[in-house]
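Descriptive analysis of the structure
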Amino acid sequence: MALSSDIKKIIKKFLQSNNISNSEATYLETGFLRGDSVQDILDLNFKKVISIEIDKKRVEKGKERFKQEIHEKKVLILEGDSKEKIKEIFDPSINIIFLNAHGRLELTDNE
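Below: a short report on this structure. Values in this document were obtained by computation on a predicted structure and should not be read as measured data. (Residues numbered from 1 in each chain as written. Predicted model: local features only at pLDDT ≥ 70, side-chain atom pairs only at ≥ 80, totals over all residues. Heavy atoms only, no water.)

1. Describing the sheet that holds strand β3 (residues 75-79)
- Spatially, the four strands line up as an open sheet ordered β3-β2-β1-β4, and their pairing is parallel. Strand pairing shows two members of the sheet lacking a second neighbour, β3 and β4 (96-99), which therefore form its edges. Taken over all neighbouring pairs, the strand axes of this sheet differ in orientation by 15 degrees on average, direction set aside.
- On top of the sheet, helix α2 (residues 36-43) reaches β1 (26-30), β2 (48-53) and β3; it is set at about 170 degrees to β2, its chief contact. (Pairing = 2+ DSSP bridges. Helix = DSSP H or I, 4+ residues; strand = E, 2+ residues; numbered from the N terminus. Axes fitted to C-alpha atoms, helices over the stretch in contact; angles between N-to-C directions. Contact = heavy atoms within 4.5 Å.)

Right, here's the structure in full:
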């Protein structure tokens, strides 16, 4: 699911208020779904985007969609339970954490 314009404004304001350049910022989200929010953050020129997704098929599709960005180390897509994965990967360089988990939402490619 894409980020709303309000959320994008909040992210921009947070970075400005904390004197953090987009090009130096790292964003972590839970709930990849189709990767639209990953694309939104890339469009904001963040240094790195990390997304945690529990569904293996979504992870595989995401890795294909963002193949180039993964190669450039701008995107990292992790498969697993975000409760556990956040503990494994968290470090202070992550500026924004967006808990965007979609729960047990069941979508097909047509939805």
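2. Thoughts on a nonpolar patch on the surface
- Together, Phe90, Ile97 and Leu99 line one region of the surface with nonpolar side chains, adding up to about 320 Å² of accessible area.
- Following the sequence through the fold, Phe90 ends up in the loop between α5 (82-89) and β4.
- The exposure class assigned to Phe90 is partly exposed, which follows from its relative accessible area of 45%. (Patch = residues over 30% accessible without salt bridge, like charges linked within 9 Å, V, L, I, M, F, W, Y side chains within 5 Å. Areas by Shrake-Rupley, 256 points an atom, 1.4 Å probe, with all protein chains shown as cover. Salt bridge = Lys/Arg side-chain N within 4 Å of Asp/Glu carboxyl O. Buried < 20%, exposed > 50% of the residue type's maximum accessible area, 1.4 Å probe, protein only.)

3. A word on the packing of aromatic side chains
- Per the stated rule, a full pass over the model turns up three aromatic pairs.
- A ring pair is formed by Tyr27 and Phe46, whose centres lie 6.2 Å apart and whose planes are at 85 degrees; its orientation type is edge-to-face. Placement of Tyr27 in strand β1 and of Phe46 in the loop between α2 and β2 is noted, with a sequence separation of 19 residues between them. Accessibility classification places Tyr27 together with Phe46 in one group, the buried group.
- Seen from their ring centres, Tyr27 and Phe98 are 6.5 Å apart, and the 25 degrees between their planes marks the pair as stacked. In this pair, Tyr27 is assigned in strand β1 and Phe98 in strand β4, connecting sequence segments 71 residues apart.
- Taken together through their ring pairs, the aromatic side chains of Tyr27, Phe46 and Phe98 make up a single cluster. (Phe/Tyr/Trp six-rings, centres within 6.5 Å; stacked < 30°, edge-to-face > 60°.)

4. Concerning the pattern of salt bridges
- Counted by the stated rule, this structure contains six salt bridges.
- Salt-bridge contacts for Asp40 lead to Lys8; the nearest nitrogen and oxygen are separated by 3.8 Å. Taken as a pair, Asp40 in helix α2 and Lys8 in helix α1 (residues 5-17) lie far apart in primary sequence, 32 residues in all.
- The class of Asp40 is buried, set by a relative accessible area of 10%.
- Between Glu53 and Arg58 there is a salt bridge, with its nearest N and O atoms 4.0 Å apart.

5. Re the nonpolar core
- Ile11, Tyr27, Ile41 and Phe46 are the most contacted members of the largest nonpolar core, which totals 17 residues.
- Among the secondary structure elements, those contributing two or more residues to this core are α1, α2 and β3.
- Of the residues forming this core, the biggest block, three residues, is contributed by α2.
- Here Ile41 is in contact with Leu3, Ile11, Tyr27, Phe46 and Val49, once residues within four sequence places are set aside.
- Counting five residues, the second largest nonpolar core, distinct from the first, contains Leu28, Ile50, Ile52 and Leu78. (Core = buried A, V, L, I, M, F, W, Y, C linked by side-chain atoms within 4.5 Å.)

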